[in-house]
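Here are the chains, one letter per residue:
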Amino acid sequence: MDIRRLQAFVKIIDLGSISRAADLLNIAQPALSQQLATLESAFKKKLVIRSKSGVTPTAAGSDLYRHAQTLIKQLDRAMVEITQGSGPLVGKVSVGLSPYSAGSTLSVELLRLVREKLPGITLHLTESFDDIYSELIMTGRLDMAVIHGAGPIKGVVFMPLMREEFFLLAPEALELPCSETGAVQLQDITEIPLLVPPRHNFVRKSIDMAFVRKQLEPTIVAEIEALMTLRDAIAEGLGSTILPWSVASRIVVPGKSKIYPLQNPTIQEDVSLCMPELIPDTEASQAVRQILIDLARSMAESRNWPGTQPTL
């Protein structure tokens with residue numbers, strides 16, 4: 001099996017187009033199509049479905065894509081380890097950070113520590129609302145990710161890092177009934193306009209579940225995935241939102257918005273480190289993972305993050 005055919009197949013699936021992959025790889029399209037046909041002949045399976053909009057993998061193609069990613073990554077790692085010998089750790093480590101979790105708060109410090117302690121490692125950080133991190137990890141496109149939830153999901157393993165409590169972030173001018181501790185009950189915010197993530201987002205699922213369990217109906221007026229837009233909308237009095245402290249504290253605007261604890265019920269979710277179950281670790285990814293775990297532990301044990309509890 002020619003590794004270059006597998007690399008070309010991965011590129012076809014990533015781009016969803018044989019012609020675009022051919023341009024990027026600087027290969028004639030008929031030649032790339034022939035490489036794909038050779039793979040289908042070798043596996044005796046149809047690997048892609050062609051349409052006017054491009055190509056999508058069949059079930060067999062998805063399986064091959066996952067295995068090909070693993071093989072390519074292992075080959076790349078072997079090349080680095082063999083050529084670099086026993087010197088400092090080198091290579092590329094990719095980390096996904098959920099934008100609505102404590103993971104995104106750790107990103108700058110993670111980058112600083114990796115540059116300081118592991119200068120030979122290139123750290124690839126991504127914060128995406130659209131990508132499903134567990135799938136990217138299963139296919140080898142990410143080495144690890146910090147996400148809400150604790151699994152189980154076939155093909156990945158979860159290491160709980162901390163538990164986050166959610167808070168209400170509301171316009172300063174909004175008058176809310178509060179307890180002696182300054183907390184707001186869920187039943188008292190059903191009428192206020194809420195700005196929340198879309199339904200596929202884990203934070204949104206937690207919010208919806210909390211209202212359902214109390215048999216309450218929230219007033220959702222917009223779905224927003226841009227944190228800076230969310231910050232400005234709340235500061236302008238257009239609505240409120242519910243977020244973990246780690247995120248709410250980053251977008252609160254003094255004098256224009258305010259954070260309130262929630263009670264009856266409180267909303268809590270685990271934050272976990274998600275890692276591949278079958279793809280072997282490199283020394284580089286192990287080193288970055290330990291820095292990330294130490295950072296999460298320090299954050300959870302600190303008193304600077306209300307509602308955050310360690311689960312390590």
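For the structure itself, consult the block above.
These lines cover the structure that appears in this document, whether it is placed above or below.

Remark: helix α2 (residues 18-25) packs on helix α3 (residues 29-43), axes separated minimally by 9 Å, with the N-to-C direction vectors making an angle of 110°. Classed by the angle they form, the pair α2 and α3 counts as roughly perpendicular. Between α2 and α3 lies a crossing whose hand is right-handed. Contacts from I18, S19, A21, A22 and L25 of α2 reach α3 at Q29, L32, S33 and L36. Taken together, the residues of the contact of α2 with α3 sort by class into 6 nonpolar, 3 polar and no charged.

With that settled, the discussion passes to the side chain of T308. Note on placement: T308 falls in strand β13 (residues 308-310). If we skip the residues at most four places from it in the chain, T308 touches M162, R163, E164 and A300.

Looking now at the environment of A226. Along the chain, A226 falls in the loop between β9 (219-223) and α9 (227-235). Relative accessible area serves as the criterion here: at 36%, A226 is assigned to the partly exposed category. A226 sits 28 residues away from P254 along the chain, and the two C-alpha atoms are 20 Å apart.

Note on helix geometry: an α-helix contains 3.6 residues per turn, so any two residues three or four positions apart are oriented the same way. When the terminal C-alpha atoms of helix α11 (residues 283-301) are compared, their 27 Å separation across 19 residues agrees well with the 27 Å that a helix rising 1.5 Å per residue should span. By the burial criterion, the buried members of α11 are A284, S285, V288, I291, L292, I293, L295, A296, M299 and A300.

With that out of the way, let us pick up the packing of aromatic side chains. Summed over the entire model, instances satisfying the criterion amount to 1 aromatic pair. A ring pair is formed by F167 and W245, whose centres lie 5.4 Å apart and whose planes are at 70°; its orientation type is edge-to-face. Separated by 78 residues along the polypeptide, F167 in strand β6 (residues 156-171) and W245 in helix α10 (residues 245-251) bring together distant segments of the chain. Classification of F167 as buried rests on a relative accessible area of 5%.

With that settled, the discussion passes to the nonpolar core. Grouped together as the largest cluster of nonpolar side chains are 32 residues, with contacts concentrated most on L168, L176, I189, L230 and I242. Every element with two or more residues in this core is listed here: β6, β8 (193-196), α8 (202-213), α9, β10 (241-244), α10 and β11 (257-263). In terms of residue count, β6 provides more of this core than any other element does, 5 residues in total. With residues up to four places along the chain from it excluded, the contact list for I189 reads L168, L176, V184, F211, I242 and L262. Residues A102, M144, A284 and L295 belong to the second largest nonpolar core, which totals 27 residues.

Here the structure, examined in full by the defined rule, presents 10 salt bridges. Notably, a salt bridge pairs D14 with R141, separated by 3.8 Å at the nearest N-O pair. One end of the pair, D14, is in helix α1 (residues 3-15); the other, R141, is in the loop between α7 (133-138) and β5 (144-148), with 127 residues separating them in the sequence. With a relative accessible area of 34%, D14 lands in the partly exposed category. The class of R141 is partly exposed, set by a relative accessible area of 44%. For D63, the salt bridge goes to R66, with nearest N and O atoms at 3.3 Å. Of the two residues, D63 and R66 are both situated in helix α4 (residues 59-84); the distance of 3 residues between them amounts to about one turn of the helix. Note on D63: relative accessible area 38%, which makes it partly exposed. By relative accessible area, which is 29% here, R66 ends up partly exposed. In the salt-bridge network here, residues are joined through shared partners; they are R199, R204, D208 and E223.

Rules and cut-offs
Residues numbered from 1 in each chain as written. Predicted model: local features only at pLDDT ≥ 70, side-chain atom pairs only at ≥ 80, totals over all residues. Heavy atoms only, no water. Axes fitted to C-alpha atoms, helices over the stretch in contact; angles between N-to-C directions. Helix = DSSP H or I, 4+ residues; strand = E, 2+ residues; numbered from the N terminus. Parallel < 35°, antiparallel > 145°, perpendicular 65-115°, else oblique. Left-handed = near helix turned anticlockwise from the far one by under 90°. Contact = heavy atoms within 4.5 Å. Nonpolar A, V, L, I, M, F, W, Y, C, P; charged D, E, K, R; others polar. Buried < 20%, exposed > 50% of the residue type's maximum accessible area, 1.4 Å probe, protein only. Expected span 1.5 Å × (residues − 1). Phe/Tyr/Trp six-rings, centres within 6.5 Å; stacked < 30°, edge-to-face > 60°. Core = buried A, V, L, I, M, F, W, Y, C linked by side-chain atoms within 4.5 Å. Salt bridge = Lys/Arg side-chain N within 4 Å of Asp/Glu carboxyl O.

Keep in mind that these numbers describe shape and distance, not what the molecule does.
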